[in-house]
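Coordinate analysis (summary)
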Amino acid sequence: MNVYILRSLEALLDLNPQLTVEVFTLAFSPEQAGRVDFHPRASLVSLFLPQAQGAKKEDLPALVSDFARALLASAHRPPQLIHAHYWLSGQVAVEAYPLAPLVLTLHTSAAVKNLRLGPGESPEPQARFLAEQALVAQSDLLVVNTAFEAEQMVSLYGAEPELLRVIPPGVDRSVFRPLEGVEPVNRDRAGALHLVFAGRLQPLKGPKVLIEALGLLPSSLRVSLDIIGSSAQAYDQHLRLRAQQLGIARRVRFLPPLAPGDLAQAFRQADLVACPSSSETFGLVALEASASGAPVLATKVDGLQEAVLDGVTGLLLADRRAATWASALKALAADPQLRARLGRAGAQRAASLTWQATALNLLEQYRLLTVDGPDEGLEDSF
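Here we summarise the structure given alongside this text. What you are looking at is a predicted structure, and each value in this text was computed from that prediction instead of being measured.

Some thoughts on the layout of surface pockets
Considered as a void within the structure, the second largest pocket measures approximately 520 Å³ in volume. Together, 26 residues line the second largest pocket, and Glu183, Pro184, Arg187, Gly293 and Arg344 are the ones closest to its centre. Of all the secondary-structure elements, those providing two or more residues to the lining of the second largest pocket are α9 (260–269) and α13 (336–350). When residues of the lining of the second largest pocket are assigned to their parent elements, the largest contribution, eight residues, is made by α13. In the lining of the second largest pocket, the residues fall into 11 nonpolar, seven polar and eight charged.

Given below as structure tokens:
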């Protein structure tokens, strides 16, 4: 979500010289609070609430009204349009500016996450589902990443089809692209595989699936795994312990979240990038990996079915059982030619999916919702 907001915003500002933007987010400490002008026409405003200090995810809904009041006190002027990303932001928007046109992008939803629950995953509370349902009904426009997500919004939330717009995210090709002279670790080597996972370390994203799968592989296969990301509630310690229990700790490396350029380099050197999520509205990591020239192995769910073209840019697996993933990893380790073909096709396809295209579509929808028309200035709060 953070990548989506930043990259789409950069492209929007480039496309429309009249666009001014304020982005509001919650600061969890006084040191994080403040206004940063990261562009001549865009500011990031981090609002600190004393009651947010030490707050957990489940505490955040109770802060909506306080955040809305802080936003009203900090905004330079009322917005002509609000694009809310995530359900809590949507609730703030409705409370702070009930008359402003509202564009909503959920990014993840309670109903879809609960449909795909796996072992160790806690269901999203009913209160979140009801809040999302109300926001879908209140929004002037619901922007989704894929046609599959649009169908879910209609079937699970009762969204009006005419208020839905499918606008796929893009990929920053200045960062995520193949580089001459940088190749996968085992480019032409059969029986060896360097696997990369990148994302938040939580059960939904499935890093444990990969550890369990590695534990099932024969010792004759030389398979290594880089797990890139951070976790809440010490989930990474659980993963480390499980790797030790399976006797594969020396083959699993844990890395902190990487800057985009470093992440792209990790993808270029990967023989395979894995996305074993139980649900994804799109799966931007999969697209960024493809753009970098890496083949992708992903779960056949939700938006990953559009981020990865099965058999063309990667392979989609029907479930998240460790045995299923181990079998696929074994087959891909034995076939470097297949890996190379999938990687080349992924890079070619990603060339057409840009943030500029995403921004053009967003800007057209914004203009249709603002009363001033397409030739006037547009104030957009995120």
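Read on, since the account is not over.
What about the sheet that holds strand β11 (residues 272–275)?
The strand order β10-β9-β8-β11-β12-β13 describes an open sheet built from six strands, whose pairing is parallel. Every other strand in the sheet has two partners, leaving β10 (252–255) and β13 (314–317) as the edge strands with one partner each. Neighbour-to-neighbour, the strand axes of this sheet turn through a mean angle of 20°, independent of strand direction. In terms of strand pairing, β11 meets strand β12 (residues 296–299) through three bridges, oriented parallel. Across the sheet, the residue bridging to Cys275 is Ala298, located in β12.

So, the environment of Leu88
Looking at the secondary structure, you find Leu88 in helix α3 (residues 87–96). Sequence spacing of Leu88 and Leu63 is 25 residues, and the spatial spacing of their C-alpha atoms is 9.3 Å. Discounting chain neighbours no more than four positions away, the residues touching Leu88 are Leu60, Pro61 and Val64.

Regarding the pairing of strand β2 (residues 34–39)
Bridging between β2 and strand β3 (residues 42–48) involves five bridges; their strand directions are antiparallel. Residue pairing for β3: Asp37 is matched across the bridge by Ser43.

Remarks on the side chain of Ser29
Counting through the fold element by element, Ser29 comes out in the loop between β1 (19–27) and β2. For Ser29, a relative accessible area of 15% puts it in the buried group. Apart from the residues within four sequence positions on either side, Ser29 is in contact with Phe48 and Gln53.

Overview of the environment of Leu316
The topology assignment puts Leu316 in strand β13. Residues Leu316 and Glu10 lie 306 residues apart in sequence; the distance between their C-alpha atoms is 32 Å. Ignoring any residue separated from it by four or fewer positions in sequence, one finds Leu316 in contact with Ala298, Thr299, Lys300, Leu304, Gln305, Val308 and Asp310.

Digging into the nonpolar core
Phe176 and Phe267 are the most contacted members of the largest nonpolar core, which totals 48 residues. Once residues within four sequence positions are removed from consideration, Phe267 is found in contact with Phe176, Val196, Ala198, Val273, Val285, Glu288, Ala289, Ser292 and Ala294. Residues Ala100, Leu102, Ala131 and Val144 belong to the second largest nonpolar core, which totals 38 residues.

Some details on the pattern of salt bridges
Under the counting rule described, the total for this entry stands at 14 salt bridges. Between Lys113 and Glu124 there is a salt bridge, with the nearest N and O atoms lying 3.2 Å from each other. Of this pair, Lys113 sits in helix α4 (residues 110–115) while Glu124 sits in the loop between α4 and α5 (126–138); the two residues are 11 residues apart in sequence, bridging distant segments of the chain. There is no split in this pair, since Lys113 and Glu124 are both buried. With a closest N to O distance of 2.8 Å, Arg253 and Asp226 form a salt bridge. Residue Arg253 is located in strand β10, and its partner Asp226 is located in strand β9 (residues 222–228); the two are separated by 27 residues in the primary sequence. Residue Asp226 is classed as buried on the basis of its relative accessible area, which comes to 7%. One connected set of salt bridges, linked through shared partners, spans Lys57, Lys113, Glu124, Arg128 and Glu132.

Considerations on unusual backbone geometry
Phi is positive for Tyr86, which is not a glycine, with a value near 95°. Within the secondary structure layout, Tyr86 lies in the loop between β4 (81–85) and α3. The residue Asp302 is not glycine, and still its phi comes out positive at about 45°. Secondary-structure assignment places Asp302 in the loop between β12 and α11 (304–307).

About the cut-offs
Residues numbered from 1 in each chain as written. Predicted model: local features only at pLDDT ≥ 70, side-chain atom pairs only at ≥ 80, totals over all residues. Heavy atoms only, no water. 1 Å grid on protein atoms, 1.4 Å probe; cavity = no way out; pocket = protein on both sides within 12 Å on 5 of 7 lines; lining within 4 Å. Points joined across faces, edges and corners; volume = space filled by probe spheres on them. Helix = DSSP H or I, 4+ residues; strand = E, 2+ residues; numbered from the N terminus. Nonpolar A, V, L, I, M, F, W, Y, C, P; charged D, E, K, R; others polar. Pairing = 2+ DSSP bridges. Axes fitted to C-alpha atoms, helices over the stretch in contact; angles between N-to-C directions. Contact = heavy atoms within 4.5 Å. Buried < 20%, exposed > 50% of the residue type's maximum accessible area, 1.4 Å probe, protein only. Core = buried A, V, L, I, M, F, W, Y, C linked by side-chain atoms within 4.5 Å. Salt bridge = Lys/Arg side-chain N within 4 Å of Asp/Glu carboxyl O.

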